[in-house]
Amino acid sequence: MGKLFAVVVAIIALVSTAIFASHIWWLPVDISAHGHAIDRQLTETMATSGALFVLSQLALAVFAWRYGDRKDGRAIKLFPGGATPMVVFATILVGAEVLALTFVGSKVWAGIYQTPPDPNSLQIDVQAEQFAFYFRYPGADGRFGAVHPERIDEGSGNFFGLDPANDTTARDDIVVPSLAIPINRPVLLTLRAKDVNHAFYVPELRIQQDFVPGLVIPLHFTATQVGKHEIVCTQLCGLGHYNMRAYVEVMSQEQFDQWLKERAAEQ
Amino acid sequence: MTQTTAHHHAPPRGFLRTHVFSLDHKVIGKQYLDLALVAVCTGMVLSWLMRFHLAWPETPIPGLDRVSPNGAAGGVITPEYYLALMTMHGTIMVFFVLTTAPFAGFGNYFLPIQVGAEDMAFPRINMSSFWVTLVAFLVLIAAFFVGDGPPLSGWTAYAPLSAVGKDAGPGQGVGQTLWAVSITLFCVAQLLGALNFITTTLDLRTQGMSLARMPYATWAWFITSVIGLVAFAVLMPACILLLLDRLAGTSFFIPGGLVISDRLQPHSGGSPLLWQHLFWFFGHPEVYIAILPGFGIISQILPVFARKPLLGPRVLIACLIAIAFLSYTVWGHHMFLSGMTPFSATLFSVPTLVITIPATIVTLLWIGTIYGAKLRFTTPALFCLGFVSVFVSGGISGFFLAQPSIDTYLHGTYFVVGHFHFVMGVAAMFGIFAGTYFWAPKMFGRMMNETLGKWHFWLTFIGVYCVFMPMHYLGLAGNVRRYSAFTDDYLKPMIPLHRFITIAALFTGAAQLIFLFNLVRTRLRGPKAPDNPWEATTLEWSTTSPPPFDNFGGRPPVVYRGPNEYGGTGAGGDYVMQASPQAAGPG
């Protein structure tokens, strides 16, 4: 029975690890300026914790194989040195791993979430609602009109609650249901929620952030490859949660300028 | 050392007093376990329905439309019903299975016996805590039968979705209110239970039972009670505030200016993040409430079948205490992306990573205990070994999620689902299974069938790996959780892997029928169990199987040694019982 257990555990450990290593299911292509740091951090964590995983499972397997009760009257063997060397070993090994991950990982995190956005960022206002995203560009004046929740009206397409009659800055705001951004230009999103929590997740951009009602949350990144990808909601928001999505299209600066001009004309 | 007698009540007369409204901790323990059994069957059926729907979203499930004409018209699960099944699955499993069985169930039955007491310190409070738990369960189940259906905001019930009422969509009316009432009641029951466990451990230990001689399971239940006392004391007021937001027009968790279902909500000034902080201040310690009893059970059972003392028992206790303290400092790792200041992410990340140190040490103590052992591969032993394996698998993925920089990619994906199912779901269930096979002879006076037990182990062990390991792959590929269907272009290629998981889950679920059959058969007509079938040392094995009403037949045991005396070569075998005055042999 011990041998069977050992074989099963060893197979489970090795097959699982092989599938991880094969990258059959793996992160999609990275299209962001910061993503390589996340990918490196993840790969390093995968290597170190993967080694811990395999070693622990194999130790369990080997001991189960070797130390079955054979009724041969042999005495038990105590672990060499008792618990103390093991405690010291585990503390140093895992402690070093913890320190390494914290130092490197905090830098990666800080580089994305704790650095101020580039002052020349393209600013886009994002409103999440059950079950759609809307994006607002400031228009020719470069300024966003103020939002008034009581003016929000889905029927007339006033998703942000703008007041163009009284607010001149709101008149040229461009509101669209999908996001377009220029390549290699820093983008600053300001995330607002109309009703409940939502989240902004683009796996290819390596970025995820909640929308929280009552808060305006900044999120900045730079896309480095052209292409079109899905933006999905990852915070449970109600029955249509699974279907809440929009697209982000990364385009050249010229295409983007043209796109924005066309959208402005449609408003 | 205090020696007090708790059993002020005489043996009960009549069926109701003996089996229903019993003050006997053993009956109450079994009642908790039976409740957990009903709950786990319910939760498992819900997971089958979810898994089936994810794999074959268009295929009708026969008969389901009769159970829920609205949620599954024509037998096909609607998106809102999927989320309701998920919410109820999570709530039932976390509260009424993973908290109820290993802590309240086994703890109630065995903690007093293991410390040599006749009963809990407060038997009436003990009975009340069970009945309040039962009412909490019934209130939750009632949500299936209300007009707009069960709640759908997940077991975490994030506000404002959970707070604004029926404007937020189906299930968010009466169903969500019932959810909050149920959890409030559950907290009351847990607080009463925790007080009882703590008092019993501190005040009712028999002569000679110093803290250092306490069995490891009792240590774990004791520490878990302390965690629970603080954690549930935070969740209860949080749920009451949620109820006030829902029913009394307050705005604790709802900010101003929300437009839901085209209606400007009449609230202002609340904070959705306040709910998250309160919930996770409870929620993360809750993970340890679910798993620490498993740690204790495994640490107690493993030496019995290794025929060898546990390696480093004092280190184990120190690690359990360290984990308990650290469990209160890590809640923010659930909220890295919640909109709280990103500076706090590092602060919460460090203790989250540090908690892996005591967890690793405990795991190594178990593996080191197996080294040089004389393992007897009984069913409880197999579940102990399986526990170590799945706990390692679940714990390792914690290294990823503890880091905000990686969590920014993996948060909200199936990687998290795989992680917590392994580490607090499957591992805790393996602890429950190990405990059931180990203690069934004592609780029911009958031995469980070993052949069926081993089939149950192998099918479950392989099954859970087939179910939960692939979820990590899905998460790496960006597969979002809590989706009732995968309609996104990038998610469609993952459906075949979801089908594999579903088939594995249905098989693993079916394997649990072997356990159910074995359990029911044992209770009805299993072979009679001797007093100490496993040759174990703790006090429950010094009394009859099952123990008499006052546990030790009017003769409180005297304890002469710790629970760890295995592997000797004395005249009485390779072990010395705690209540045995005979000196240990060399070895």
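This one's a predicted model, so the numbers in the text were calculated from it and none came from an experiment.

Caption draft 1: Expanded view of the overall build of chain A. Along its length, chain A carries five helices and 10 strands. The principal-axis extents of the C-alpha atoms in chain A amount to approximately 95 × 35 × 30 Å. Taken across its 267 residues, chain A has 42% of its residues classed as buried.

Caption draft 2: Here's a closer look at the overall build of chain B. Looking only at helices and strands, chain B features 17 helices and four strands. Computed over its C-alpha atoms, the radius of gyration of chain B comes to 24 Å, within 12% of the 25 Å expected for a compact globule of 587 residues. Expressed as a percentage of the 587 residues in chain B, the buried residues total 64%. Counting contacts in chain B only where the partners sit at least 6 residues apart, residues at least 24 apart contribute 78% of the total.

Caption draft 3: Here's a closer look at the packing of helix H4 (residues 79–114) of chain B against helix H5 (residues 123–142) of chain B. Residues and elements named next belong to chain B. With their axes 12 Å apart at the nearest point, H4 and H5 run at an angle of 160° to one another. Comparing the axis directions of H4 and H5 gives the class roughly antiparallel. Along this stretch, H4 crosses H5, giving a crossing that reads as left-handed. Where H4 approaches H5, its residues Thr 91, Ile 92, Phe 96, Thr 100 and Asn 108 are matched on the opposing element by Asn 126, Thr 133, Phe 137 and Leu 140. Of the residues belonging to the contact of H4 with H5, the class tally is four nonpolar, five polar and no charged.

Caption draft 4: Representation of the packing of helix H15 (residues 414–444) of chain B against helix H16 (residues 450–476) of chain B in the model. Residues and elements named next belong to chain B. For the pair H15 and H16, the least separation of the axes is 8 Å and the interaxial angle reads 165°. By the angle between their directions, the pair H15 and H16 is classed as roughly antiparallel. Our pair here, H15 against H16, has a crossing hand that is left-handed. Residues Tyr 414, Phe 415, Val 416, Val 417, Gly 418, His 421, Phe 422, Val 426 and Tyr 437 of H15 touch H16, and the partners they reach there are Gly 453, Val 464, Phe 468, Met 469, Met 471, His 472, Leu 474, Gly 475 and Leu 476. Here the contact of H15 with H16 is built from residues that sort into 13 nonpolar, five polar and no charged.

Caption draft 5: Examining the environment of A:Val232 more closely. Counting through the fold element by element, A:Val232 comes out in strand E9 (residues 227–232). Residue class for A:Val232 comes out buried when judged on the 25 C-beta atoms lying within 10 Å of it. Residues A:Val232 and A:Leu179 lie 53 residues apart in sequence; the distance between their C-alpha atoms is 12 Å. Residues within four places of A:Val232 in sequence aside, it is in contact with A:Tyr201, A:Arg245, B:Val480 and B:Asp488.

Caption draft 6: Molecular detail of the environment of B:Gly71. Residues and elements named next belong to chain B. Its location among the elements puts Gly 71 in the loop between helix H3 (64–67) and H4. Residues Gly 71 and Tyr 81 lie 10 residues apart in sequence; the distance between their C-alpha atoms is 4.9 Å. Apart from the residues lying within four places of it in its own chain, the contact partners of Gly 71 are Ile 77, Thr 78, Tyr 81, Ala 84 and Gly 149.

Caption draft 7: The domain arrangement of chain A, seen in detail. Residue and element names in this part refer to chain A. As far as domains go, chain A holds domain 1 (2–68 + 78–114) and domain 2 (122–266). Taking the mean C-alpha position of each, domain 1 and domain 2 sit 39 Å from one another. Taken together, the contact between domain 1 and domain 2 spans 10 residues of the former and 12 residues of the latter.

Caption draft 8: Region of interest: unusual backbone geometry. A cis amide bond, omega 0°, links A:Gln130 with the succeeding residue A:Phe131. Following the sequence through the fold, A:Phe131 ends up in the loop between strand E1 (122–129) and strand E2 (132–137). At the junction of B:Ser545 and B:Pro546, the peptide bond is cis and its omega measures out at -10° in the coordinates. Its location among the elements puts B:Pro546 in the loop between helix H17 (495–525) and strand E3 (566–570).

Caption draft 9: How the structure looks around the interface of chain B and chain A. In this complex, chain B contributes 91 residues to the contact, which on the side of chain A involves 85 residues. With 10 residues, the top contributor of residues to the side of chain B that touches chain A is helix H11 (residues 356–370) of chain B. Residue classes in the side of chain B that touches chain A are distributed as 55 nonpolar, 27 polar and nine charged.

Caption draft 10: Examining the pairing of strand E10 (residues 245–251) of chain A more closely. All names here are of chain A. Side chains of E10 alternate between two faces, with Ala 246, Val 248 and Val 250 buried and Arg 245, Tyr 247, Glu 249 and Met 251 left unburied. Here strand E4 (residues 179–182) pairs with E10 via four bridges, running parallel. Each bridged residue has a counterpart across the sheet, and for Ile 181 the counterpart in E10 is Val 250. Bridge analysis of E9 against E10 gives six bridges, and the strand direction is antiparallel. Bridged to Val 232 within E10 is Arg 245.

Caption draft 11: Spotlight on the nonpolar core. Core analysis: the largest hydrophobic core is formed by 280 residues, its most contacted members being B:Ala36, B:Leu320, B:Leu365, B:Cys384, B:Phe387, B:Ala427 and B:Ala434. It is H4(B) that contributes the most residues to this core, 22 residues altogether. Looking at this core, you find at least three residues from each of domain 1 (2–68 + 78–114) and domain 2 (122–266) of chain A. B:Leu365 has contacts with A:Ala83, B:Leu310, B:Leu311, B:Gly312, B:Val315 and B:Leu316, leaving out every residue within four places of it along the chain.

Caption draft 12: Here's a closer look at the sheet that holds strand E5 (residues 186–193) of chain A. All names here are of chain A. Strand order across the open sheet formed by five strands is E3-E2-E1-E5-E8, with mixed pairing between neighbours. Whereas interior strands pair on both sides, the edge strands pair on one side only; in this sheet they are strand E3 (174–176) and strand E8 (217–222). For this sheet, the mean angle separating the axes of adjacent strands, direction not counted, is 25°. Pairing analysis gives six bridges linking E5 to E8, with the strands arranged antiparallel. Across the sheet, the residue bridging to Pro 186 is Thr 222, located in E8.

Caption draft 13: Up close: helix H8 (residues 272–306) of chain B. Residues and elements named next belong to chain B. The terminal C-alpha atoms of H8 lie 50 Å apart, and with 35 residues this matches the ideal 51 Å at 1.5 Å per residue to within 8%. At Ile 291, H8 shows its strongest bend, of approximately 30°, with the proline Pro 293 following within four residues. Among the 35 residues in H8, 30 count as buried, and that is most of the element.

Conventions and cut-offs
- Residue numbers restart at each chain and count upward from 1, following the sequence in its written direction.
- A letter from A marks each chain and a number from 1 marks each ligand, given out in the order of writing.
- Local features in a predicted model are, by the rule used here, given only for residues with pLDDT of at least 70; side-chain atom pairs are given and counted only at 80 or more, and totals for whole chains, interfaces and linings are based on all residues.
- Numbering of helices and strands starts at the N terminus; helices are DSSP runs of H or I of at least 4 residues and strands are runs of E of at least 2.
- Burial in this document is a count-based property: other C-beta atoms within 10 Å of a residue's C-beta are tallied, and the residue is buried at 20 or more, exposed at 12 or fewer, or partly exposed in between, with C-beta positions derived from the backbone.
- The size measure is the radius of gyration over C-alpha atoms, and the globule rule it meets is 2.2 Å times the number of residues to the 0.38 power.
- Two residues qualify as a contact pair if the distance between their C-beta atoms, derived from the backbone, is within 7 Å.
- Interaxial angles span 0 to 180 degrees and are taken between N-to-C directions of axes, which are lines fitted to C-alpha atoms, for helices over the stretch in contact.
- These descriptions rest on fixed angle ranges, namely under 35 degrees for roughly parallel, over 145 for roughly antiparallel, 65 to 115 for roughly perpendicular, and the rest for oblique.
- A crossing counts as left-handed when the near helix is turned anticlockwise from the far one by less than a right angle, and as right-handed when that turn is clockwise.
- We call Asp, Glu, Lys and Arg charged. Ala, Val, Leu, Ile, Met, Phe, Trp, Tyr, Cys and Pro are nonpolar, and the rest, Gly among them, are polar.
- The start and end points of each domain follow an automatic or database-based domain assignment.
- Paired strands are those between which DSSP finds at least two bridges.
- Any nonpolar core is a set of buried residues, restricted to Ala, Val, Leu, Ile, Met, Phe, Trp, Tyr and Cys, that join up through C-beta atoms within 7 Å.
- Under the convention used throughout, the expected extent of a helix is 1.5 Å for every residue step, that is, one less than its residue count.
- Bend, at a single residue, is the angle you get between axes fitted to the 7 residues ending at that residue and the 7 residues starting at it.

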